[in-house]
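Architecture and fold: a report
Below, each chain spelled out in residue letters.
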Amino acid sequence: MAPQSSEVDVLIVGAGPAGLMLATWLSKLKISTRIIDKRNTKVFTGQADGVQCRTVEVFQSFGFAERLVKEGAHINEVAHWEPKEGGGIQRTKRTPDNEPGTSRFPHAVLTQGRIERFMLDAMREFNDLEVHRSIQPTSLSIDPSLVSDFTSHAISVTLRHLSEEEATPTQVGTVANGLFRSNLLTDEEADANPPPNANGDVGKEEIVKAKFVVGCDGARSWVRKQLDLHLEGDSANTYWGVLDALVITDFPDIRLKCTMHSHDAGSILIVPRERDLVRLYVQLGHTEEGERVDRTKVTPESILATAQRIMAPYKIETPYVEWFTCYEIGQRICPKVTLDERVFIAGDAFHTHSPKAGQGMNVSMMDTYNLGWKLAHVLQGKADTSILKTYQDERHQTAQELIDLDYRLSRMFSAKPSTGADDKTGVSLEEFEAFFKSVGKWASGTAAQYKSGVLVEKTGATDVAKGLPLGMRFESHQVVSIADARPWHIGDRLESDGRWRIIIFAGDVRIASQKAQLEKVAAYLDSPSGPLRTYTPPNADIDSVIETLTIISNPRISIEPNDFPEILWPAKGEFGCRDYHKLYADDESWFSGKGEAYKHLGIDTETGCIAVVRPDQTVSLTCRLEEHELLGEFRRGD
Ligand code: FAD
């Protein structure tokens, strides 16, 4: 009997953080999607845990940041510990984890399994999308005659349904006494018990025809191999143990993130976790060229023993170990990430690095956050297929920056403390701290900057908003709704819903010439040649493709909603009600102070500016109000 065949717009292989972020995006945008994973359950313990500020901002744009902020540990301060003369260690400095003002959200720490749970719930809520587990692809081919027809299901993938045995991951580390007594047990129990018929089709083969395939299948990616692509890179010849545990200790900074170098016992990175857990990254040793670490010799006891030597004279015991592992430091990246913009790879399939920079899960999710809306735009006919090329450019650049940072960070951690000016191999305290500070902004995820290209335009004035650099994420500040006096973070108006935003910082519209300028902008937006009417389908709401938000700098009560042109707060929906959520003032609120958005973003309070923001909140264009016709020219060539 011929295998059953089905069609889907996007097939995602792998339901780790990268795959689930893509599935979340696509389900939010109602794109026909299938996501498969060879494992029978998701991750429960261990692996990644650090969620950087930018990732929390993205979670907020999907509506589930709150869950992370509530459940996770928050990293506020980093304590630096160095060798003490005469033996032992001493605290040498305390620094903020991120520069104050980096983001309104914290750097939060929560086990990868919970992060995956948030996305699984979002996928279900947005479009009833579930992961199809215990399924693995066995072949992938593209019909060459259809490859440039992006409306065709040109890719054929054969899937095989696995047995329970095949789909059960080999456990690395231990999960002592089953699941830890957790307030999260209900979700986890559900995750641990896949539906009884999950493997009812054992051995069955089926064919899926897809318009796009995205390999989010981890460092040993099967999809990457089908494209004959390879990770290239380096290894630092050091190996580290990781322990997630409850600890009993007299070390005073155990609830802070700590970097620690000892005289000659190695280094540790301490990361406080949720549920009073602590993660210890412990330097275990070096390998010679070509030598492989025998992982079976690494146990929780051996990792703890090394930690005890490094932390002496402080004492530490681990009465409960939730998870442990051992890894060798290496930085590898795949130079190419797509085949004909029909098959893509993302996440660990695309780049791998040491976990200490706390970036793997974050950068992996940001890969597919970058890709998801672009796939949807092409599938929904909102953009030309050329936007898909920007995925390789934008994400390869970011991945390479991460690899470079991780390479330097890993060597800084693994090197011995410098013994003085003549010591050329050691790292001095000053060097380490300066480096740590310099990478902070990048590590928060907020400093990634995509270069100029089809989606980042340098045609307008770029000096009108110094706090909104082109290619970077829109930095959110509080403003106040003109209609109902509610304070809003602008970021909360930039929901991940696939829409572009034109944000008009209208300046001081009490000045007649400035008000006239705003009216000219509005008239252009309302005209047939303006971008709203050009890109919005005839019967759709005028804000369904591009939403306009207006933020004035003068006091909220010095103007009425009725003073604004209708296009800036249009009538919409079934009943034609006016949208009051589009008009804001950079003003004092009753209960939450003043956000000072203009000041923070470097915008002139009289003359203002316009910013165009992509569906992934990247600043795409800035210009003066007088340059408003650029809004229509922009993306005209897509
Ligand atoms: P993965 O998480 O590897 O997911 C890949 C998925 O694809 C898996 O579910 C797998 O079952 C599935 N799959 C694989 N092959 C197939 C196939 N052929 N068919 C179907 N499905 C398949 N990152 C951080 O950001 N912060 C940290 O603090 C951090 N700490 C870490 C600590 C450790 C000890 C380790 C090991 C990693 C850590 N990382 C950290 C890295 C992080 O776990 C990864 O970077 C992240 O999980 C990558 O996500 P991904 O979705 O690309 O891949």
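- The name recorded for the chain in an unreviewed UniProt entry is FAD monooxygenase, from Leucosporidium creatinivorum.
- Under Sequence similarities (unreviewed entry), UniProt gives the following word-for-word description of the chain: "Belongs to the PheA/TfdB FAD monooxygenase family."

1. Quick look at the overall build of the chain
- Counting its regular elements, the chain contains 15 helices and 28 strands.
- Here the C-alpha atoms of the chain give a radius of gyration of 26 Å, agreeing with the 26 Å that 2.2 N^0.38 yields for 638 residues.
- Dimensions of the chain, computed from C-alpha atoms along their principal axes, come out at roughly 75 × 70 × 45 Å.
- Residues classed as buried in the chain amount to 49% of the 638 residues present.
- Contacts in the chain between residues far apart in sequence, at least 24 positions, make up 75% of those at least 6 positions apart.

2. Some words on the sheet that holds strand β4 (residues 73-75)
- Pairing within the open sheet is antiparallel, and its 3 strands lie in the order β3-β7-β4. Edge positions in the sheet fall to β3 (50-51) and β4, since each of these pairs with one other strand and no more.
- In this structure, β3 lies alongside strand β7 (residues 107-109), joined through 2 bridges in antiparallel fashion. Each bridged residue has a counterpart across the sheet, and for Val-51 the counterpart in β7 is Ala-108.

3. Section: the site of the ligand
- Of all residues adjacent to the ligand, which total 34 residues, the nearest are Gly-14, Gly-16, Gly-218, Gly-347 and Gly-360.
- For the shell around the ligand, the leading source of residues is helix α9 (residues 360-379), giving 4 residues.
- Within the shell around the ligand, the residues separate by chemical class into 13 nonpolar, 15 polar and 6 charged.
- No fewer than three residues from each of domain 1 (4-72 + 107-169 + 181-231 + 333-401) and domain 2 (234-331 + 414-442) sit in the shell around the ligand.

4. Observations regarding the domain arrangement of the chain
- Under the domain assignment used here, the chain contains domain 1 (4-72 + 107-169 + 181-231 + 333-401), domain 2 (234-331 + 414-442) and domain 3 (478-633).
- In terms of residue class, the side of domain 1 that touches domain 2 is made up of 3 nonpolar, 9 polar and 4 charged.

5. Re the packing of helix α1 (residues 17-28) against helix α4 (residues 112-127)
- In contact at an axis separation of 8 Å, α1 and α4 are set at 20° when each is read in the N-to-C sense. It follows that α1 is roughly parallel to α4 by the angle criterion. Every pair of crossing elements has a handedness; the one defined by α1 and α4 is left-handed. Mapping the contact onto sequence places Pro-17, Leu-20, Met-21, Ala-23, Thr-24, Ser-27 and Lys-28 in α1 and Gln-112, Ile-115, Glu-116, Met-119, Leu-120, Ala-122, Met-123, Phe-126 and Asn-127 in α4.
- Tallied by class, the residues present in the contact of α1 with α4 amount to 10 nonpolar, 4 polar and 2 charged.

6. A short note on unusual backbone geometry
- Note the cis peptide between Ala-312 and Pro-313, where omega equals 15°.
- Along the chain, the position of Pro-313 falls in the loop between α8 (300-311) and β16 (316-333).
- Despite not being glycine, Asp-228 has its phi angle at roughly 55°, a positive value.
- Under the C-beta neighbour-count criterion, Asp-228 is labelled exposed, with 8 such atoms within 10 Å.
- A positive phi angle is found at Glu-341, which is not glycine, with a value near 55°.
- Mapped onto the elements, Glu-341 comes out in the loop between β17 (338-339) and β18 (343-345).
- Under the C-beta neighbour-count criterion, Glu-341 is labelled buried, with 20 such atoms within 10 Å.

7. Details of the pairing of strand β22 (residues 500-507)
- The element β22 is extensively covered by neighbouring structure, given that 8 of its 8 residues are classed as buried.
- Alternating residues of β22 divide into Trp-500, Ile-502, Ile-504 and Ala-506 and Arg-501, Ile-503, Phe-505 and Gly-507, and every residue in both groups is buried.
- Pairing geometry for β22 and strand β23 (residues 546-552), over 7 bridges, is parallel. Across the sheet, residue Gly-507 finds its bridge partner in β23, namely Ile-552.

8. Considerations on the environment of Phe-150
- Relative to the assigned elements, Phe-150 resides in the loop between β9 (135-142) and β10 (155-161).
- A residue is classified by how many C-beta atoms lie within 10 Å of it, and Phe-150, with 18 of them, is partly exposed.
- Residues Phe-150 and Ile-333, spaced 183 residues apart in sequence, show a C-alpha to C-alpha distance of 28 Å.
- Residues contacting Phe-150, with those up to four places away along its chain left out, are Lys-211, Val-378 and Thr-385.

9. Notes on the nonpolar core
- Residues Val-10, Leu-22, Val-213, Val-214 and Ile-268 are the most contacted members of the largest nonpolar core, which totals 162 residues.
- Residue contributions to this core peak at 10 residues, all from α9.
- Discounting chain neighbours no more than four positions away, the residues touching Val-214 are Val-10, Ile-12, Leu-22, Phe-344, Ala-346 and Leu-371.

10. Brief notes about the packing of α1 against α9
- Taken N-terminus to C-terminus, the directions of α1 and α9 make an angle of 30°; their axes are 8 Å apart at the nearest point. For the element pair α1 / α9, the angle class is roughly parallel. Once α1 is placed against α9, the crossing between them reads as right-handed. Contacts between α1 and α9 involve Pro-17, Ala-18, Met-21, Leu-22, Trp-25 and Leu-26 on the former and, on the latter, Met-361, Ser-364, Met-365, Asp-367, Thr-368, Tyr-369, Leu-371, Gly-372, Trp-373 and Ala-376.

11. Overview of the sheet that holds strand β28 (residues 619-623)
- Within the open sheet, the 7 strands sit side by side as β21-β20-β26-β23-β22-β27-β28. Their pairing is mixed. Sheet topology places β21 (487-489) and β28 at the edges, where each strand pairs with a single neighbour. Strand-to-strand twist of the sheet, defined as the mean angle between neighbouring strand axes without regard to direction, takes the value 30°.

12. Quick notes on the pairing of strand β13 (residues 257-261)
- Within β13, 5 of the 5 residues are buried, which leaves it mostly tucked inside the rest of the structure.
- Neither face of β13 is open: one carries Lys-257, Thr-259 and His-261, the other Cys-258 and Met-260, and all of them are buried.
- Direction of pairing for strand β5 (residues 77-83) relative to β13: parallel, over a ladder of 4 bridges. When the sheet's bridge partners are listed, Ala-79 is paired in β13 with Cys-258.

13. Looking at α8
- Here α8 contains 12 residues, and its C-alpha end-to-end distance of 16 Å stays within 8% of the 16 Å for a straight helix at 1.5 Å per residue.
- Where α8 is concerned, the buried positions are Ile-303, Leu-304, Thr-306, Ala-307, Ile-310 and Met-311. One face of α8 carries all of its buried residues, which in axial projection span an arc of 160°. Residues Glu-301 and Ala-305 are exposed on α8 and point more than 90 degrees away from its buried face.

14. Here we look at the confidence of the model for the chain
- On average, residues of the chain score 89 in pLDDT, and 92% of them are at 70 or above.
- Taken together, the stretch residues 172-186 has pLDDT below 50 and engages in 20 contacts with residues farther than four places along the chain or on a different chain.
- Confidence metrics for the complex model read pTM 0.92 and ipTM 0.96.

15. Details of the environment of Glu-394
- By the secondary structure assignment, Glu-394 is in helix α10 (residues 389-414).
- Distance in space between the C-alpha atoms of Glu-394 and Asp-367 is 9.0 Å, their sequence separation being 27 residues.
- Setting aside residues up to four positions removed in sequence, Glu-394 forms contacts with Asn-370 and Tyr-450.

Rules of the game
- Residues numbered from 1 in each chain as written.
- Predicted model: local features only at pLDDT ≥ 70, side-chain atom pairs only at ≥ 80, totals over all residues.
- UniProt positions renumbered as here; feature names shortened; annotations may be inferred.
- Helix = DSSP H or I, 4+ residues; strand = E, 2+ residues; numbered from the N terminus.
- Rg over C-alpha atoms; globule rule 2.2 N^0.38 Å.
- Buried ≥ 20, exposed ≤ 12 C-beta atoms within 10 Å, placed from the backbone.
- Contact = placed C-beta atoms within 7 Å.
- Pairing = 2+ DSSP bridges.
- Near = placed C-beta within 6 Å.
- Nonpolar A, V, L, I, M, F, W, Y, C, P; charged D, E, K, R; others polar.
- Domains from an automatic or database assignment.
- Axes fitted to C-alpha atoms, helices over the stretch in contact; angles between N-to-C directions.
- Parallel < 35°, antiparallel > 145°, perpendicular 65-115°, else oblique.
- Left-handed = near helix turned anticlockwise from the far one by under 90°.
- Core = buried A, V, L, I, M, F, W, Y, C linked by C-beta atoms within 7 Å.
- Expected span 1.5 Å × (residues − 1).
- Arc of directions from axis to C-beta.
- pLDDT = per-residue confidence, 0-100.

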